[in-house]
Each structure stands twice: as structure tokens, then as C-alpha cells.
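Remarks on the overall topology
As a plain string of letters, each chain reads:
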Amino acid sequence: MDESLKHRTVMRVRLICFWGAIVLLIGVIVMLFVPPRPTLAQKEVTSPIYRYRERVATGYYEGYEVSPRRKRAVLEVPTAQRGLFPFGSASAMVQIRTRLPDSHRGLKFYFRNTCIECHPKQARNIHSERAGITCRQCHGPEPIPAINHYYSPMNPIRRHAYVCAKCHEGATAAFADFHVHEPSGTELSTRESFPALFYASWGMLLLFLGTLAFFVPHSFMVGVRELTETKGFKNVTHQWVLPLIERCRGKVRRFLEKKKLPEHEDEDAS
Amino acid sequence: MRTRMLLKRFNLTQRLTHLFLMITFLIQAGTGFSRLFITTDFGRSLSLFFGGYKTAIDIHFWVGILMTAGFGVHTIYMLSKIDWKNPVQSIFGPDSLVPNLNDAKHLLQRIRWTIGKSPRPKLDRWAYWEKFDYLAVYWGMPLLAITGLMLKFPLLTTFVLPGWALNIAALFHRAEAILAVSYIFIVHFFIGHLRPSCFPMHEAMFSGSIHLDEALEEKPAWVERLKKEGKLELAMAKPPARWFRAIYFVFGYTALVFGLYILINGIYYSRYIRLH
């Protein structure tokens, strides 16, 4: 009696251990394959590794804090690094305007100009055209820091939080990658600066032109041809045009006959 | 004169689908173009009709949702129309809107016919331009729906895509809309209203029937097929009532005038279009 009870208990414990192990194994495998929940921008993270990083945080959102990582479509090549001796004394004299604390430093008669006089293309953007936003509302007051200057609010490292989020609540770094001053899609220079936009624009343009270039002349030709066919002829000419002509002709004939009548009388009289 | 024999061409569901698409398309074109041209007098006056710049986008969004739902319902309807016992025949057969090799032949023959070098092609139930009309809308609607949702919810979109995808989405949304509007208001209106055999209006999409002699001239293969299957007697339809004709003539011409208003102003102000 005792023996069998002991045996059953042992078997039960073994079974529980067996199935428990299998469930754990499956759980571990599932955990391996389930990706971590994407960390949304401007969201405090709680895991210890992130809390450790927070202690040495630099004050701006880092790549690991926003999802997805910023993928820049516009490629920038700093001009000063070209040439045989890119780090020579001569290149050190070159001011890279996208990195200056005051991007308009040293420009003559700067305070007599408006932004659009030197940046006419930048004025054509959806923010200023639709929402009436001025340049300074995003780019800030004088001195306007360059886009890539380390402390610039426009620096892609903090642009989403310092500029975009003023209106677009919850803007992420990926959101800030939207190109406000985008190049013209069909210009050849866009192929290097923003290739996706270039190929999309040309694809849609060719589709548009191709569809209309075929169907407009084709439909028109069919219309012209149908006019000469019996059915088209009957439908339009017999129902609409000929009766009109007939009516007009009758009026003209009657009008002419009225005029001619006295002449006939004269001839008869003579 | 025309005979009084009428042949059934569209059933009630198909006609209601076309009516639904017509109304939603015109609202989308009106609200969308009022925003596209908002920097011009045309866009501003058009947007006033839809309650201004901000209300227009709400109407545009909800009608877009309605349109997408209609697209889903229509897809289910099309799937239910496939004969699943013999799917190949029913998908690639003459009653289907899927293009096949015959359409290319008909197209070439019809081009030669327009210059008088060949007899009319013997078209079946759906001609190649009707298939193009249908499929152009069918691929355009998901494209517009997806890019439209991306632009409506930019923050959600940028959780999975980089921000410059929004530039591309805006470009696709506008370019496809302009293509659709140009095609419908130029080519589709010409085929349905101005073509001599249809002047002043092709009534098949509203009354559901076409004249037998018209079908014999334009779609002889279809009539022959119906005769061979012995379905011609069944496909005969009654002429539409006078009051019904009056209603759809007024409705069709209202749509035509609205479309031409958008088209002419759109061409006149085309230099103000910003594609992205």
C-alpha cells in the first residue's frame, strides 16, 4: 500500500518536472525569437542596462532610445576633406558653413538681406506655404547656428525634440528625418542627394505621360473614326446635325424665296 | 433608327458599385484638389464648398475610409463571382476582367481600324479599354489608401519607417491622384459622353442595358457567345422608365460639369501644383 503510494508520488513529481522542463524550454526558445518591444522615442526605459546608461547620459536622445534608427536619405560629403592633403593647414582655413556656431559669420551686408534673397528654393516648402510658418520659427533667432553645429537645436541629434516637437507632439528622431526642404524630384542632382525621391518622381511622371499619351490620341482617333461609321453617323448626324441643317436650310430657302418673289412678278409684268 | 431590343449588361450590384465609386471619387477629387491648390483662388473657392481647408481633410479622410471599405466589399464580391470548381476558365475566360492575349490583338486591330486599314475587332464582353479602366482604379485605390493612411498618421508611420518615407508617400499620393483625375475627366468622360456612338451619354452604367444593335456592332463576339449558349433570350432587358432616365441624365451631367470644372481649373493652375 505504502509502496504503491510512494511510487505514484515519485511518478507525479517526475511528470511535473518533465513537463515543466519542456514548457521552460519552449518558453526560452520563444523568448529567443520574439523581438523586444520597440522603444518609442521620448519614453523612459526601465531595464537595468538602460538605467546604467542613463547615469552617463549626454542629455539628448541616443540611437538606442528611438526606433527605428535614423536612416538618412540625403548623403553629405564634407567638401574640406577632399584633395591630396585633406587635413592640411589650407583646409583648416576653410569654414564649413554647416558646422559654424553662426552660419552667416562674415557675410557682408548680412543684416540688410532677407532669408529668401539668398535661399529662394528653401522658401518653397509645405510648412511655410500651407501653415504660414516663417524661417525663424524653426531656425531660431540671430545668430542662426548651422545645422550640424554641435549645440544647434537643428542638429539631427536633437532636432525632433527641440524643433519638430514644438508643433508635432511626440516627434521622434525618425519623424524628424522628414525632408522639409526637399529637392525637386525630377532634377538630375536629386539622383545623388535623394535617390528614392528621384526614381519615384520619374516613375510616376512616366506613368502619367505614358497613360495620357496613349489614351488621349487613341480615344480621339476612335471618336473621329466612329463619325464616319454608319452607327456613329446615324446617331450624331441623323439625330442631331442633319435635322438642324434641314431646319436652317428651310428658313434660308423661305427667306430667299420671299426676296425673289417681287423679281418674278416684275419679269412676268414685262 | 435604333431597335427597341435591349441587352442586359450590368446587374444592380455593379451599377450601385459604380454609383458609390462615382460619388466617393468626386468628393475625394474635390476635397483633395481644394487642398492641393489651396494657394490659388480656385483651391480656396473649392475648399469653401467643403467647409474650408481643415474640414476638407476630415471629409477626405472619412470618405477615404468609406471608399477603402467599399474596395474590400467589392473584392469579396469579385471573389464570390469566381467559379471555384473551374477557376482557370472563370478567371481567364471572356467574362473576366483579367487581361489576356486577345486584348493585345484587339488593341492593335482597333488602332489599325481607326486609320481605316482593318475591319472592327470582334470584341467580347469586356473590351481592353474597359479592362484598363477597371484595373487602373483597382491598383490605384490601395496605393492611395496606404499612402493616405501613412500621411494621416505620420508618427505611427515613423515608428517603422524613416521620415523620408513620408516625402515619398506624399509624392505617390498626389501623383496617383492627379493621374486618376486626369484619366477619368479626360479619357473616361470622352469615352462615356463624347464618343459619337455614345453621345450624349452612354446609359449602360445607369440603366444596366445596351441596345442590341449597338452590342452587335461593338461587341459581336459577346452576342454570338450568348446565342451559342442559348442565353440571349434570358439577357433581354426592359427599357428604363422615363423618370429614371431623366434622373440619371441630370445626375450624370452634374458629375460631368463638376469634373470639367476641376479639370479646366486644374490645368489652368497647374503651375501651382507641388507634387511633394
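Worth saying up front: this structure is predicted, and the values here are computed from it rather than measured. Note that residues are indexed from 1 along each chain, following the sequence as it is written. Starting at A for chains and at 1 for ligands, labels are handed out in the order in which the entities are written. Residues qualify for local features only when their pLDDT is at least 70, as the model is predicted, and side-chain atom pairs are given and counted only at 80 or more; totals for whole chains, interfaces and linings, by contrast, use all residues.

**Focus on the overall build of chain B**
The test is simple: Helix and strand assignments follow DSSP, with helices taken as H or I runs no shorter than four residues and strands as E runs no shorter than two, numbered in order from the N terminus. Between the buried cut of 20 or more and the exposed cut of 12 or fewer other C-beta atoms within 10 Å of a residue's own C-beta lies the partly exposed class, and all C-beta atoms are placed from the backbone. Contacts are defined on C-beta atoms placed from the backbone: any two residues whose C-beta positions lie within 7 Å are in contact.
Along the backbone of chain B there are 12 helices and 3 strands. The principal-axis extents of the C-alpha atoms in chain B amount to approximately 60 × 40 × 40 Å. The buried share of chain B, reckoned over its 276 residues, is 26%. Of the contacts formed within chain B by residues at least 6 apart in sequence, a portion of 68% connects residues at least 24 apart.

**Describing the overall build of chain A**
When its secondary structure is counted, chain A shows 10 helices and 0 strands. Helices (α) and strands (β) of chain A occur, in sequence order from the N terminus, as α-α-α-α-α-α-α-α-α-α. Relative to its 270 residues, chain A shows a buried fraction of 13%. Here the analysis covers contacts within chain A between residues at least 6 apart in sequence; of these, 46% occur between residues at least 24 apart.

**Some thoughts on the nonpolar core**
For clarity, the cut-off: A set of buried Ala, Val, Leu, Ile, Met, Phe, Trp, Tyr and Cys residues, joined to one another through C-beta atoms within 7 Å, is what we call a nonpolar core.
Judged by nonpolar contacts, the single largest core of 45 residues is most densely connected at B:Leu166, B:Ile168, B:Ala169, B:Leu171, B:Phe172 and B:Val181. When contributions to this core are tallied by element, the ones reaching two or more residues are helix 9 (195–228) of chain A together with helix 1 (12–36), helix 2 (41–49), helix 6 (128–152) and helix 8 (164–194) of chain B. The biggest single contributor to this core is helix 8 of chain B, with 18 residues. Once residues lying within four places of it in the same chain are set aside, the contact partners of B:Ile168 are A:Ala196, A:Leu197 and A:Ala200. Judged by nonpolar contacts, the second largest core, of 5 residues, contains B:Leu6, B:Leu7, B:Trp222 and B:Val223.

**Re the environment of A:Glu142**
If you trace the backbone, A:Glu142 turns up in the loop between helix 6 (135–139) and helix 7 (159–162). Note: C-alpha distance between A:Glu142 and A:Val30 (112 residues apart in sequence) is 55 Å.

**Notes on helix 3 (residues 52–81) of chain B**
Residues and elements named next belong to chain B. As a reminder, the rule being used: Each helix should span, by expectation, one fewer than its residue count multiplied by 1.5 Å.
Taking 1.5 Å of rise per residue, the 30 residues of helix 3 would be expected to cover 44 Å, and the 42 Å separating its terminal C-alpha atoms lies within 8% of that figure. The set of residues buried in helix 3 consists of Ala56, His60, Gly64 and Met67. Tucked into the core, helix 3 has its buried residues touching helix 1, helix 2 and helix 6.

**Considerations on the packing of helix 9 of chain A against helix 8 of chain B**
As a reminder of what qualifies: For helices, the axis comes from a line fit to the C-alpha atoms of the stretch in contact; other axes are also lines fit to C-alpha atoms, and the angle between any two N-to-C directions lies between 0 and 180 degrees. What sets the label is the angle itself: under 35 degrees gives roughly parallel, over 145 gives roughly antiparallel, 65 to 115 gives roughly perpendicular, and the rest give oblique. When residues are grouped by polarity, Ala, Val, Leu, Ile, Met, Phe, Trp, Tyr, Cys and Pro land in nonpolar, Asp, Glu, Lys and Arg in charged, and all others, Gly among them, in polar.
Between helix 9 of chain A and helix 8 of chain B, the least distance of the axes is 10 Å, while the angle of their chain directions is 0°. Considering the angle they form, helix 9 of chain A stands roughly parallel to helix 8 of chain B. When its residues are assigned to classes, the contact of helix 9 of chain A with helix 8 of chain B shows 21 nonpolar, 6 polar and no charged.

**Things to note about the sheet that holds strand 1 (residues 6–8) of chain B**
To be explicit about the condition: In this analysis, strands are considered paired if DSSP registers two or more bridges between them.
As summarised here, the arrangement of the 3 strands in space is 2-1-3 (chain B), forming an open sheet in which the pairing is antiparallel. Both edges of this open sheet fall to strand 2 (209–211) and strand 3 (236–237) of chain B, since each of them pairs with a single strand only.

**Thoughts on helix 6 of chain B**
Each α-helix winds once per 3.6 residues, and so residues spaced three or four apart point in a common direction. Residues and elements named next belong to chain B. In this model helix 6 runs 36 Å from its N-terminal to its C-terminal C-alpha over 25 residues, within 8% of the 36 Å that 1.5 Å per residue would give. Those residues of helix 6 lying buried are Trp129, Asp133, Met141, Leu144, Thr147, Gly148 and Met150. If you follow the buried residues of helix 6, they end up packed against helix 3, helix 7 (154–160) and helix 8.

**Overview of the interface of chain A and chain B**
Listed as interface residues are 42 residues of chain A and, on the opposing side, 34 residues of chain B. For the side of chain A that touches chain B, the elements supplying multiple residues, two or more each, are helix 5 (126–130), helix 9 and helix 10 (230–269) of chain A. In terms of residue count, helix 9 of chain A provides more of the side of chain A that touches chain B than any other element does, 18 residues in total. Taken together, the residues that form the side of chain A that touches chain B break down as 22 nonpolar, 11 polar and 9 charged.

**A few points about the packing of helix 1 of chain B against helix 2 of chain B**
All names here are of chain B. To keep things clear, this is the line we draw: With the far helix as reference, a near helix turned anticlockwise by less than a right angle produces a left-handed crossing, and one turned clockwise produces a right-handed crossing.
Where helix 1 contacts helix 2, the two axes come as close as 7 Å, and the packing angle between them is 140°. Our classification of the angle between helix 1 and helix 2 gives oblique. At the point where helix 1 passes helix 2, the crossing takes the left-handed sense. For the pair helix 1 and helix 2, the contacting residues are Gly30, Phe33, Ser34, Arg35 and Leu36 in the first and Gly43, Leu46, Ser47 and Phe49 in the second. In terms of residue class, the contact of helix 1 with helix 2 is built from 4 nonpolar, 4 polar and 1 charged.

**Side note on the environment of B:Ala165**
All names here are of chain B. Structurally, Ala165 is set in helix 8. By C-beta crowding, Ala165 is classed as buried, having 21 other C-beta atoms within 10 Å. As for Ala165 and Pro154, which are separated by 11 residues in sequence, their C-alpha atoms are 9.7 Å apart.

**Structural notes on the confidence of the model for chain A**
Close reading of the predicted structure is inappropriate where its pLDDT is low. Inclusion rule: Per residue, pLDDT measures the predictor's confidence, with a range of 0 to 100.
Model confidence for chain A is summarised by a mean pLDDT of 76, while 68% of its residues fall at 70 or above. Summarising per-element confidence for chain A, the mean pLDDT is lowest in helix 2 (residues 48–55) of chain A (54) and highest in helix 9 of chain A (92).

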